[in-house]
Amino acid sequence: MELGNKSNIFGKIFSSQSDRGNYTSANGYQNYFISYIGVNDEDIYNSEIYNLNREINNRKNICLFKQNILNPDDFDIISYLKNKVSKYNGSIFDLDIDLVKYEDINNRIKRGFDILLRQEEKSFNNDRVKFNFIIKVMSWIRIYINPLVIDYKDAPKVVVYGDIKKHELYFLLILYFAGFDILYINPNGLSEIANIDAKKFNIEINQNKIIDETISFDERVERGEIVERSSIKKAYTVGAQASRKISDELLNDSGFIKPWQLQNRNIKTLLLSSTVDEVDIYWKEPLKLRPGFNFDNEIVTLPVFFTKIDGVYRDLDEYYCLLDKLQIKDFSYFINYDENIRPLSRPFTREGYNLSFYISNTFKVNQKAIIKDGGFSISNLSLKWQETILSKVEETILSDMFIEGLSKDDIVRGLYTVLNMNEKLIYMINSFDYANVNPKLIIYIEQMKMFTKEIVFLLLVLSKVGFDIVIFTPGGVNCVENIINSQIVDIHRLDVINYNLKYKSNNYNTNTSSNRNGGSWIERIFGKWSD
């Protein structure tokens, strides 16, 4: 499934104050009340819910409500609030009452109460109803908002999913008036938002297709994780992006990413969609300089090539030169594929079917048992790397990448091929520093030879752990397109098809290469300066 052009549908709520345009120390936060109603695309929506949940879990200034807010039952808090509110005489701001531990935010919330009570005065039938409402909302603030850790450079946030009641909406409005960002998500409709004047309160409504099925927030997180693990994402290497400097978020306090600094993070790969020239341009670059490279406290996103180049240039020397240039000492592994699997992995034997005991009926992989068993080539890697590789095996199994799906036999053979991959690949994985030059696999298919499913399985796993993969087929053989979704591979077609072309190395010095590959990478993107 292609998710490459999707936007972050909840991204605006997490934008920085500088991005919002008019933040000043005097005025404080510029905040948003955004309602995302309905669903445009289920997979993308669930994926964004999953990422939203991750973002919330990584922050201490966000309160999430997955369903209706429970009535308060902390009698100590209720008694304290009743005692304070008993002195209410038309202004919450004038009350000596502590709702949150931050004095400035506390005063803003009290002002927010006064704004709401003034704006919605007609909604309260009598003073008793108003008093009970005030106590209820203040209790929610003490229970749910007071524990937040608020950074004065960023608006605190409340995220609500599903239908809401009237008093819950008023609770959100009070916090909105107090400077909180509010994100209201409801795939099933506007709920209580439909009964207020959204323009009056400056509520932004993003309206999409309303769905009838009620799905919980947690279930959407689970579905979104599956989408994230199985979908194909692309970053486009547009020439203008090449000159952008690395943003501040990629740098540590010293301004550099230290060697091995990112190794404790999980890997997520991003497929680069490019021209053939741009493959050449970015091939030797550290990953930290490629479009799409990013990381947070948990995940590092690695932009990688999974490219297939059909045909050859009319000038064969130019074609061989490209093949030579992509072969980088210590970082690349070149294979002239002739249907012999040994350069990639150990050939499958009947004993390999013993691995079926490590695969559950739901196709989950028993990682602990495999690691404990040992005896595989990946057993020479660190525990972290073994766990990473086995997680990517499971992602590949659970994905919808294979055109005809995967049988139990396919899964066993695929797992066997990964566990017993060639030692050269193991060496390259072990030497891989995520921010720097990544390992590379170059496969040349001289004749009309096809890949097996287990080879493609291995290639997918290698791609998922950060390998650049490029497959040269001068005869244009459909070695992967008949096995996996073509969106997974960035396919290019050169000038002419040439069957049974034997590979030969020109060993050109890159400084004397043809004009197509000559010059600096800036010149090759933007052209040389003219006089």
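Summary of the structure given here. On a predicted model such as this, the values are computed, not experimentally measured, just so you know.

Take the pairing of strand 13 (residues 468-473) next. In terms of burial, strand 13 is largely enclosed, as six of its six residues are buried. By the alternation rule, side chains of strand 13 split into D468, V470 and F472 and I469, I471 and T473, which are all buried. Across five bridges, strand 10 (residues 306-310) lies against strand 13 in parallel orientation. Within strand 13, the residue paired with K308 across the bridge is I471.

A word on the packing of aromatic side chains. Per the stated rule, a full pass over the model turns up 27 aromatic pairs. Taken together through their ring pairs, the aromatic side chains of Y319, Y320, F334, Y444, F472 and Y503 make up a single cluster. Residue placement shows K12 over the ring face of Y32; its charged tip is 4.7 Å from the ring centre. A cation sits over an aromatic face here: K440 above W283, 4.8 Å from the ring centre.

Next up on the list: the environment of E48. Inspection of the secondary structure assignment puts E48 in helix 2 (residues 42-57). In this structure, the C-alpha to C-alpha distance between E48 and G224, residues 176 residues apart in sequence, is 7.0 Å.

Once that is clear, we can look at the sheet that holds strand 10. Ordered in space as 11-12-13-10-14, the five strands form an open sheet in which the pairing is parallel. The open sheet has two free edges, formed respectively by strand 11 (332-337) and strand 14 (490-493), since each of these has just one partner strand. Neighbouring strand axes in the sheet, compared pairwise and without regard to direction, differ in orientation by 15 degrees on average. As paired elements, strand 12 (residues 440-445) and strand 13 share five bridges and run parallel to each other. When the bridges of strand 13 are listed, I443 appears paired with I471. Docked against the sheet, helix 14 (residues 453-464) engages strand 10, strand 11, strand 12 and strand 13, running at close to 140 degrees with respect to strand 13.

Moving on to the pattern of salt bridges. Under the definition given, this model contains 23 salt bridges. The partner of E204 in a salt bridge is K12, with the nearest N and O atoms 2.7 Å apart. Taken together, the residues E204 in strand 5 (residues 204-207) and K12 in the segment before helix 1 (17-20) connect sequence positions 192 residues apart. Taking relative accessible area as the criterion, E204 reaches 34% and is therefore assigned partly exposed. Judged by relative accessible area, K12 falls into the partly exposed class, the value being 38%. What emerges from the salt-bridge pattern is a single network uniting R54, D296 and E298.

Let's shift gears to the sheet that holds strand 1 (residues 33-37). An order of 2-3-4-1-5 is seen for the five strands of this open sheet, with the pairing classed as parallel. Because the sheet does not close on itself, it has two edges, and the strands there are strand 2 (62-65) and strand 5. Geometrically, the sheet is characterised by an average inter-axis angle of 10 degrees between neighbouring strands, direction not taken into account. Here strand 1 pairs with strand 5 via four bridges, running parallel. Of the residues in strand 5, the one forming a bridge with I34 is E204. The strands touched by helix 6 (residues 166-177) within the sheet are strand 1, strand 2, strand 3 (157-161) and strand 4 (181-186), with strand 1 carrying the most contacts at an inclination of about 140 degrees.

Moving on to the packing of helix 4 (residues 103-119) against helix 6. Packing of helix 4 against helix 6 brings their axes to within 7 Å, and their N-to-C directions diverge by 125 degrees. Classified by the interaxial angle, the pair formed by helix 4 and helix 6 is oblique. At the point where helix 4 passes helix 6, the crossing takes the right-handed sense. Taking contact as the criterion, the partners of I109, G112, F113, I115 and L116 in helix 4 are, on helix 6, Y170, L173, I174, L175 and F177. Considering only residue class, the contact of helix 4 with helix 6 consists of nine nonpolar, one polar and no charged.

Now for the environment of N422. Among the secondary structure elements, N422 is positioned in the loop between helix 12 (408-419) and helix 13 (423-430). Along the chain, N422 and R346 lie 76 residues apart, while their C-alpha atoms are 7.0 Å from each other. Ignoring sequence-local partners within four residues, the contact set of N422 consists of Y333, R342, P343, L344 and S345.

Reading the values: the criteria
- Residues numbered from 1 in each chain as written.
- Predicted model: local features only at pLDDT ≥ 70, side-chain atom pairs only at ≥ 80, totals over all residues.
- Heavy atoms only, no water.
- Buried < 20%, exposed > 50% of the residue type's maximum accessible area, 1.4 Å probe, protein only.
- Helix = DSSP H or I, 4+ residues; strand = E, 2+ residues; numbered from the N terminus.
- Pairing = 2+ DSSP bridges.
- Phe/Tyr/Trp six-rings, centres within 6.5 Å; stacked < 30°, edge-to-face > 60°.
- Lys NZ or Arg CZ within 6 Å of the ring centre and 35° of its normal.
- Axes fitted to C-alpha atoms, helices over the stretch in contact; angles between N-to-C directions.
- Contact = heavy atoms within 4.5 Å.
- Salt bridge = Lys/Arg side-chain N within 4 Å of Asp/Glu carboxyl O.
- Parallel < 35°, antiparallel > 145°, perpendicular 65-115°, else oblique.
- Left-handed = near helix turned anticlockwise from the far one by under 90°.
- Nonpolar A, V, L, I, M, F, W, Y, C, P; charged D, E, K, R; others polar.

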